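One-letter residues, chain by chain:
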Amino acid sequence: QVQLVESGGGLVQIGGSLRLSCVASGIISSIARMGWYRQAPGKQRELAAFVTSGGTTNYADSLKCRFTVSRDNAKNTVYLQNNTLKPEDTAVYYCYASIKSTGSRNYYDNWGQGTQVTVSS
């Protein structure tokens, strides 16, 4: 059993910044991908960014050059630095991680409860 908890969301003005954090806890053997999905009001959930265990990062086109995803393997934590925020960045951001728990042979996707980011217009 593992748990992912997000933090850092809130209300910001256009052009502002936020740093989201997500901590994975539990009996964890290893973590492959860690990253973030987001879901805007009335929209489907979309992949925002992720980082592999080897440090390779991937971003949705709308996030490139404005967002930075990173991870701290020692702390089982993934971050999303959101710069120059736009109104269209308003969404619930969900942390996810592909995790192999101790005693398990396979990796399984895990999801956080989400944190709200609201960008004022």
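What comes next is a walk through the structure. (Residues numbered from 1 in each chain as written. Predicted model: local features only at pLDDT ≥ 70, side-chain atom pairs only at ≥ 80, totals over all residues. Heavy atoms only, no water.)

**Description of the pattern of salt bridges**
Stated precisely, the cut-off is as follows: We define a salt bridge as a side-chain nitrogen of Lys or Arg found within 4 Å of a carboxyl oxygen belonging to Asp or Glu. Only protein chains enter the calculation, and the probe is 1.4 Å; a residue is then buried if its accessible area is under 20% of its type maximum, exposed if over 50%, and partly exposed in between.
Throughout the structure, instances matching the rule amount to four salt bridges. For D61, the salt bridge goes to K64, with nearest N and O atoms at 3.2 Å. The exposure class of D61 is exposed, given its relative accessible area of 63%. Between R66 and D89 there is a salt bridge; the shortest N-O distance is 2.7 Å.

**Regarding the sheet that holds strand β3 (residues 18-26)**
Heads up, the condition is: For two strands to be treated as a pair, DSSP must find no fewer than two bridges joining them. Only DSSP runs of H or I reaching four residues or more are called helices, and only runs of E reaching two or more are called strands; each is numbered from the N terminus. Note on method: axes are straight lines fitted to C-alpha atoms, helices fitted across the in-contact stretch only, with angles between N-to-C directions ranging 0 to 180 degrees.
Spatially, β1-β3-β8-β7 is the arrangement adopted by the four strands of the open sheet, whose pairing is antiparallel. Edge strands, defined here as strands with exactly one partner in the open sheet, are β1 (2-7) and β7 (67-72). Averaged over all adjacent pairs, the angle separating strand axes in this sheet is 15°, with direction ignored. Examined bridge by bridge, β3 and strand β8 (residues 77-82) share six bridges and lie antiparallel to one another. By the bridge assignment for β8, C22 is matched with V78.

**Some points on the state of the cysteines**
To keep it simple, the criterion reads: For the purposes of this analysis, a disulfide is any pair of cysteine sulfur atoms at a distance within 2.5 Å.
For the structure shown, the criterion picks out one disulfide. Covalently, C22 is tied to C95 through a disulfide, its sulfur atoms 2.0 Å apart. Measuring handedness by torsion sign, the sulfur bridge of C22 and C95 sits at about -80° and is left-handed. One end of the pair, C22, is in strand β3; the other, C95, is in strand β9 (residues 91-101), with 73 residues separating them in the sequence.

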